[in-house]
Amino acid sequence: MVRRASAFAILVLCSSLLSTDAAGGGSGGGNDGSGGNGGGTTFNVMSYGAKPGTKQESTQAFMKAWNAACNTNGKATVLVPADVYILGETIFQGPCKSQIPITVQVEGTLQAVSDASVYSGAGWISFSHIDGLVLTGGGTIDGQGNSLWKYNDCNESRLRSSSGRLTITAPGDSPNTDGLHISKSNMVKVSESIIKTGDDCISIGQGANNMTVNKITCGPGHGISVGSLGKEPKELDVTGLIVQNCTLRGTTNGIRIKTYAASDPSRASGFLFQDIIVDSVQNPIIIDQNYGSKSAKPSLVKISNVVYQNIRGTTAPLVAVNLKCSSGAPCQNVHLHNIDLQATGNIRPTSICSSANVGYSGVQNPPACKPGASR
């Protein structure tokens, strides 16, 4: 679900990755014409000239159906019936008339044109300047990535949706294949999804606020990450994030916050990570404020008010809790409650803290560390 969207794009080259500057609410469904959908109007792409099958492109028909829905002053649904539809670069443009979120109900398969020359580079499917969007339907979004990765050093990736759960898959060695990257967004909720990637399963970028990540199964991949932050000048703050009821299996990292050294000042604050299961995860809990840089200047991203609660499972390396905060902007008010992480071997895991103000309660395995020390 997407609310106050400035740009929501399904990218094509490392295809089937969703990138959003948006966030969420709404509901919908229905059939063609003016009936159904709880009194709303449904706009079936078939009525606007969409051609099912893999022979003809339906880009213009999809945009015509969208424009009709966008110009409706009331509840509207764009319906994509069960079949295969070929799309080139497709832009669903707002702002729209209605104050009610538009629903795009994808029951069929959207398949990208595999010729990279037909794309401007902005994306394959883009939703722009829309206040309220719901993407639903249990269909498939197939970016035809395997025919395009040779141009972008990617390997294999697909995105598909089934049985109400969004599933994103890419091989563990596929480069830079973030499952979901969310930035410049407010009130986005991601839930009940399975993400297997070669990079972060979910990454939260600058300007993301009031986010909820719930019931995500991640692995392989680099875990669930806030950041990386501070790479660009004058980045927006990240505030208000809840990650809960998630399982991470065989990932490089579990719950990670990462910021670049020598960054401009910004804030990353108000995070709750709770009820997380890790299974053979290399870095279950990690803050890395010297990410991706060899600069001697510290990061000035201020991390504060972070709670890790009820996190349990197994870890492969010795260091299970690694809080490497910035000497230029030390972490404040970090709290760990009921942490139970067991090493996969017979060696007891340890914790490392630096430039961090950390509090503890409940079970602590590995044992708690003091700021600037390791145990």
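The model shown is predicted, which means the values in this text are computed figures rather than measured ones.

1. Focus: the overall build of the protein
Assigned secondary structure in the protein consists of one helix and 28 strands. For the protein, the proportion of its 375 residues judged to be buried stands at 51%. Across the protein, every contact between residues at least 6 apart in sequence was considered, and the portion connecting residues at least 24 apart equals 73%. Element-wise, carbon and sulfur atoms account for 47% of the exposed surface of the protein, whose accessible area totals about 15,500 Å².

2. Some words on the nonpolar core
Counting 50 residues, the largest nonpolar core has Phe273 and Tyr308 as its most contacted members. It is strand E22 (residues 266-281) that contributes the most residues to this core, six residues altogether. Those residues in contact with Tyr308 that lie beyond four places of it in its chain are Ile255, Ile257, Phe273, Ile285, Ile287, Val334, His335, Leu336, His337 and Ile339. Met63, Ala69, Ile125 and Leu133 belong to the second-largest nonpolar core, a separate cluster that totals 30 residues.

3. Focus on the pairing of strand E20 (residues 238-249)
Where strand E18 (residues 208-218) meets E20, seven bridges bridge the pair, whose relative direction is parallel. In the sheet register, Asn209 faces E20, and the bridge partner there is Thr239.

4. A few points about the packing of aromatic side chains
Using the criterion set out here, one finds seven aromatic pairs in the structure. Consider the rings of Trp66 and Phe127, whose centres lie 5.9 Å apart with planes at 75°: the pair is edge-to-face. Here Phe127 lies in strand E9 (residues 125-128) and Trp66 lies in helix H1 (residues 59-70), a separation of 61 residues in the sequence. Geometrically, the ring pair formed by Phe92 and Phe127 is tilted, given 4.8 Å between the ring centres and 40° between the ring planes. With Phe92 in strand E6 (residues 90-93) and Phe127 in strand E9, this pair connects stretches of sequence that are 35 residues apart. A residue is classified by how much of its surface remains accessible, and Phe92, at 6% relative accessible area, is buried. Judged by its relative accessible area of 2%, Phe127 falls in the buried class. Members of the aromatic cluster, each reached through a chain of ring pairs, are Trp66, Phe92 and Phe127.

5. Considering the UniProt feature "active site" (unreviewed entry) in the protein
Summarizing the sequence annotation, UniProt attributes the feature "active site" (unreviewed entry) to His222 in the numbering used throughout. Mapped onto the elements of the fold, His222 is located in the loop between E18 and strand E19 (224-229). Given the relative accessible area of 25%, His222 is considered partly exposed. Among residues more than four places away in sequence, those in contact with His222 are Gly198, Asp199, Asp200, Thr252, Asn253 and Arg256.

6. Notes on the environment of Pro330
Note that Pro330 resides in the loop between strand E25 (319-324) and strand E26 (331-343). The exposure class of Pro330 is partly exposed, given its relative accessible area of 29%. As a C-alpha pair, Pro330 and Pro298 span 32 residues in sequence and 9.9 Å in three-dimensional space. If we skip the residues at most four places from it in the chain, Pro330 touches Lys302, Ile303 and Ser355.

7. Concerning the state of the cysteines
With the rule as written, the count across this model stands at four disulfides. Cys353 shares a disulfide with Cys369; S-S distance 1.8 Å. Residues Cys353 and Cys369 are joined through a disulfide that is right-handed, its torsion about the S-S bond being 55°. On the criterion of sequence distance, the pair formed by Cys353 in strand E27 (residues 350-354) and Cys369 in the segment after strand E28 (356-365) is long-range, its members being 16 residues apart.

8. Brief notes about H1
Because each turn of an α-helix spans 3.6 residues, side chains separated by three or four positions in sequence point in the same direction. Here H1 is twelve residues long and its end C-alpha atoms lie 16 Å apart, about the 16 Å a rise of 1.5 Å per residue gives. Buried residues of H1: Thr59, Ala61, Phe62, Met63, Ala65, Trp66, Ala69 and Cys70, and no others.

9. What to know about unusual backbone geometry
Backbone geometry follows two general trends: most residues other than glycine have a negative phi, and most peptide bonds adopt the trans configuration. Geometrically, the link from Gly94 to Pro95 is a cis peptide bond, its omega value of 0° lying close to zero. Note on placement: Pro95 falls in the loop between E6 and strand E7 (102-106). Note that the residue after Asn365, namely Pro366, is joined by a cis bond; omega there is 15°. For Pro366, the location among the structural elements is in the segment after E28.

10. Quick notes on the side chain of Thr177
Within the secondary structure, Thr177 is located in the loop between strand E13 (165-169) and strand E14 (180-182). Thr177 sits in the buried class, given a relative accessible area of 1%. Among the polar contacts made by the side chain of Thr177, one reaches the main-chain amide nitrogen of Gly198 at a distance of 2.9 Å.

11. A short note on the sheet that holds strand E10 (residues 133-136)
Reading across from one edge, E3-E4-E7-E10 is the order of the four strands in this open sheet, with parallel pairing throughout. The two strands at the open ends of the sheet, each matched to only one other strand, are strand E3 (41-44) and E10. Put simply, the sheet's adjacent strands are angled 20° from each other on average, direction ignored. With four bridges joining them, E7 and E10 adopt parallel strand pairing.

12. Observations concerning the environment of Ser183
With respect to the secondary-structure elements, Ser183 resides in the loop between E14 and strand E15 (185-186). In this structure the C-alpha to C-alpha distance between Ser183 and Ser203, which are 20 residues apart in sequence, comes to 8.6 Å.

Rules used throughout
- Residues numbered from 1 in each chain as written.
- Predicted model: local features only at pLDDT ≥ 70, side-chain atom pairs only at ≥ 80, totals over all residues.
- Heavy atoms only, no water.
- Helix = DSSP H or I, 4+ residues; strand = E, 2+ residues; numbered from the N terminus.
- Buried < 20%, exposed > 50% of the residue type's maximum accessible area, 1.4 Å probe, protein only.
- Contact = heavy atoms within 4.5 Å.
- Areas by Shrake-Rupley, 256 points an atom, 1.4 Å probe, with all protein chains shown as cover.
- Core = buried A, V, L, I, M, F, W, Y, C linked by side-chain atoms within 4.5 Å.
- Pairing = 2+ DSSP bridges.
- Phe/Tyr/Trp six-rings, centres within 6.5 Å; stacked < 30°, edge-to-face > 60°.
- UniProt positions renumbered as here; feature names shortened; annotations may be inferred.
- Disulfide = S-S within 2.5 Å.
- Expected span 1.5 Å × (residues − 1).
- Polar contact = N/O pair within 3.5 Å; in protein donor to acceptor, adjacent residues only side chain to side chain.
- Axes fitted to C-alpha atoms, helices over the stretch in contact; angles between N-to-C directions.

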